[in-house]
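Listed here are the chains, written in short residue letters.
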Amino acid sequence: MTRIEKVTGYDAEQIQVLKGLEAVRRRPAMYIGSTSSRGLHHLVYEVVDNSVDEALAGFCDRIEVTVHPDDSITVQDNGRGIPVDIHPTEKIPGVELALTVLHAGGKFDRSTYKVSGGLHGVGISVVNALSDRLEVCVDRDGQRYHMAFARGETIKKLNVTGKVKGTGTIVRFKPDTAIFTETRFDYDILAGRLRELSYLNKGLTITLSDERADSTREETFFAKGGLVQFVEWLNQNRKPLHPKPILIETVRDDVDVQIALQYDAGYAENTLTFVNNINTHEGGTHLTGFKSALTRTINEYAKKSGALKKADFTLSGDDVREGLSCVLSIKVREPQFEGQTKTKLGNSEVEGIVKSVVNEGLSTYLEEHPSVARAVIDKACSAALAREAARKARELVRRKSGLEGGLLPGKLADCSLQDPALCEVYLVEGDSAGGSAKQGRDRSFQAILPLRGKILNVQKARIDKILSNEEIRTIITCLGTGVGEDFKIEEARYHKIIIMTDADVDGAHIRTLLLTFFYKEMQALIEAGYIYIAQPPLFRVAKGKEEYYAYDEVERDEYAKRLGNGESGRGNVGIQRYKGLGEMNPDQLWKTTMDPATRTILKVEMESAREASELFETLMGDEVEPRRKFIEEHAKYVRNLDV
């Protein structure tokens, strides 16, 4: 029996009191979600959200965000400026209070902000706590005030530095490298959020400037059309069923509801929800109300118009949302968010408000636009028929799966261990490479599933057609999770699913098709961190018994020079270029690509599902022009195409 050492001396002196912002630095993930890239960018959002709240209150129409060469950030607005007068009870300037005390801010006072995203009053103080240095300038009453902080502690008291015209706030901060595992800001991630904010706030101009030498650029975001432009932007690579998005907007019971939606000829749904400009990734009561009302309204119109007379079914929520792109934005005085990062709305009253707004607004629109109504209902009915076909196809997959007592795919070389956390499966391009992988693997924990050619492009297909594809059915059966309504991640037979394809154009295409399939039909596997991409070498450089494997031309030339004893020529150094995995011997494949001790595999991560969807739509969708434009813009980065 293991003896557990007793901890003695638990009395009052062991109870720690974290003062000021010390709690934030001790547990940063509680406040910003993580200390990785996601949390890093969240710092910028917190500062920008304060400026946007000024815009919502009607005092700001311009925000400027700058990424400096040292990866510090400046956010400047022309709002009222943070108060600088002395707080009556705390006896310090308002700006110092807002930046150094949690739960201190103007968001609690309804007369100051009617609605806001930063209602907890912790945003800017958390940014201050997690910054190596933060400076703030406030323009008020014709004067510029300045303060400076280091890791949340005041290092320069508030002082007047000069006279100015106008009002506003300037915040410059540099994230603390002792806190964050990643400190380089991604321009595209910032641009995506700022673009969203411009769409969500008509009339607000937001500029993003990058001063870093390797990525200098600048963009201005301004959307006169608001959510309608947002939906048009989401659908820029798709074929819409109707020319203009449907716009529904009203204020009901002090809740501002705005919805823009448009159907396209595809099959994927893309619904984005926002509360007080905060992207509620996990939805909430506003999304529940929208989905319920959309399903009910379209069903009622379909029955009334006679579209379902001969049908023995009603349209499900999935049916009426097929091919839908929608942005739902509400503004509410006191939103109830789950957690500081605000990803899910909990206000129960909002569900009923959104339901009634959608029921009335959409019913009126469908009555006034019968041609659009017919197109939407025809598409939903087609989806319902496909749903029934998909159900039968899923049953076929289920019957053939190991979960129902059937056999695993015949070409799967399974591993002997049973614990999924210890097991991995390689999805290998071609039987030849599959044969080498089977011989070279460690049979205890590595399974091999050879794939024949290119799988179906699921971006252009409904689930019933997807499930009729033999290779896809084989993958689903092998992984054991099921798909669609039957998907259960806890049933996954492997916690590492490694895509291993040739390092050429065909291999890249197969890899993209597989990633598209996982993204569209098994997204939870990506979110769980189960999907990986193998990195086989391009070259073998050898001389005598000495050999190296190179992953690019630069590495190849370095090894050749080393084996040639520094000579500029390669001498009698042998260089082999692998055109495919099948050219490797089993021991070479193991050593370079499959041995956990020496291999390099890349985990597939998905910070923004929408951005991934847009890329897949561009590369794999029906529209040729966006794909042509993408290829033209990125062709300059291609080297040694299919050598």
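It should be noted that the structure appears before, not after, this text.
Here's a quick rundown of the structure.

Procedures and definitions
- Residues numbered from 1 in each chain as written.
- Predicted model: local features only at pLDDT ≥ 70, side-chain atom pairs only at ≥ 80, totals over all residues.
- Heavy atoms only, no water.
- Pairing = 2+ DSSP bridges.
- Helix = DSSP H or I, 4+ residues; strand = E, 2+ residues; numbered from the N terminus.
- Axes fitted to C-alpha atoms, helices over the stretch in contact; angles between N-to-C directions.
- Phe/Tyr/Trp six-rings, centres within 6.5 Å; stacked < 30°, edge-to-face > 60°.
- Buried < 20%, exposed > 50% of the residue type's maximum accessible area, 1.4 Å probe, protein only.
- Core = buried A, V, L, I, M, F, W, Y, C linked by side-chain atoms within 4.5 Å.
- Contact = heavy atoms within 4.5 Å.
- Salt bridge = Lys/Arg side-chain N within 4 Å of Asp/Glu carboxyl O.

Let's shift gears to the sheet that holds strand 15 (residues 446-451). Strand order in this open sheet of five strands is 15-14-16-17-21, and the pairing throughout is mixed. Sheet topology places strand 15 and strand 21 (601-603) at the edges, where each strand pairs with a single neighbour. Taking the axes of each pair of neighbouring strands and ignoring which way they run, one obtains an average angle of 25° across the sheet. Here three bridges tie strand 17 (residues 531-534) to strand 21, and the two strands are oriented antiparallel to one another.

On to the packing of aromatic side chains. Per the stated rule, a full pass over the model turns up six aromatic pairs. Geometrically, the ring pair formed by phenylalanine 230 and tryptophan 233 is tilted, given 6.4 Å between the ring centres and 45° between the ring planes. Linking phenylalanine 230 with tryptophan 233, this pair stays in helix 7 (residues 227-234), spanning three residues, or about one helical turn. The same class applies to phenylalanine 230 and to tryptophan 233, which are both buried. A centroid spacing of 4.6 Å and a plane angle of 10° characterise the contact between tyrosine 548 and tyrosine 559, whose relative ring orientation is stacked. In this pair, tyrosine 548 is assigned in strand 19 (residues 546-550) and tyrosine 559 in helix 17 (residues 553-563), connecting sequence segments eleven residues apart. Here the two residues tyrosine 548 and tyrosine 559 agree in accessibility, since each one is buried.

What follows is about the nonpolar core. Within the largest apolar cluster, 50 residues are counted, with the highest numbers of intra-cluster contacts made by Val44, Val65, Ile73, Val136, Phe173 and Leu208. The contact partners of valine 136, leaving out residues within four places of it in the chain, are Val95, Leu99, Tyr145, His146, Met147, Phe149, Thr169, Ile170 and Val171. Judged by nonpolar contacts, the second largest core, of 41 residues, contains Leu451, Ile499, Leu515 and Met522.

The phi dihedral of aspartate 253 falls on the positive side, at around 50°, and the residue is not glycine. The residue aspartate 253 is located in the loop between strand 9 (246-252) and strand 10 (255-263) in this model. One non-glycine residue, asparagine 277, lies in positive phi territory at about 75°.

So, on to the pairing of strand 9. When strand 9 meets strand 10, the two strands line up antiparallel, connected through seven bridges. Following the sheet pairing, valine 251 is matched in strand 10 by aspartate 256. In sequence, strand 9 turns back onto strand 10 through a hairpin of two residues, with aspartate 253 there showing a positive phi of about 50°.

Enumeration according to the criterion identifies 34 salt bridges in this entry. Between aspartate 71 and arginine 184 there is a salt bridge whose closest N-O contact spans 3.8 Å. Of this pair, aspartate 71 sits in the loop between strand 1 (62-67) and strand 2 (73-77) while arginine 184 sits in the loop between strand 6 (168-175) and helix 6 (187-200), and the two are 113 residues apart along the sequence. Judged by relative accessible area, which is 10%, aspartate 71 ranks as buried. A relative accessible area of 36% means that arginine 184 is categorised as partly exposed. Between glutamate 547 and lysine 591 there is a salt bridge; the shortest N-O distance is 2.7 Å. One end of the pair, glutamate 547, is in strand 19; the other, lysine 591, is in helix 18 (residues 586-594), and 44 residues separate them in sequence. With relative accessibility at 38%, the residue lysine 591 sits in the partly exposed group. Taken together, the shared-partner salt bridges connect Asp71, Arg184, Asp210, Arg212 and Asp214 into one network.

Another aspect to go through is the pairing of strand 1. As defined by bridge partners, strand 1 adjoins strand 7 (residues 205-210) across six bridges and the pair is classed as parallel. Among the inter-strand pairings, glutamate 64 is bridged to a residue of strand 7, identified as threonine 207. Taken together, the five bridges between strand 1 and strand 2 define a ladder with antiparallel strand orientation. Bridge pairing in strand 2 places valine 67 opposite isoleucine 73.

All quantities given are derived from atomic positions and should not be read as evidence of function.
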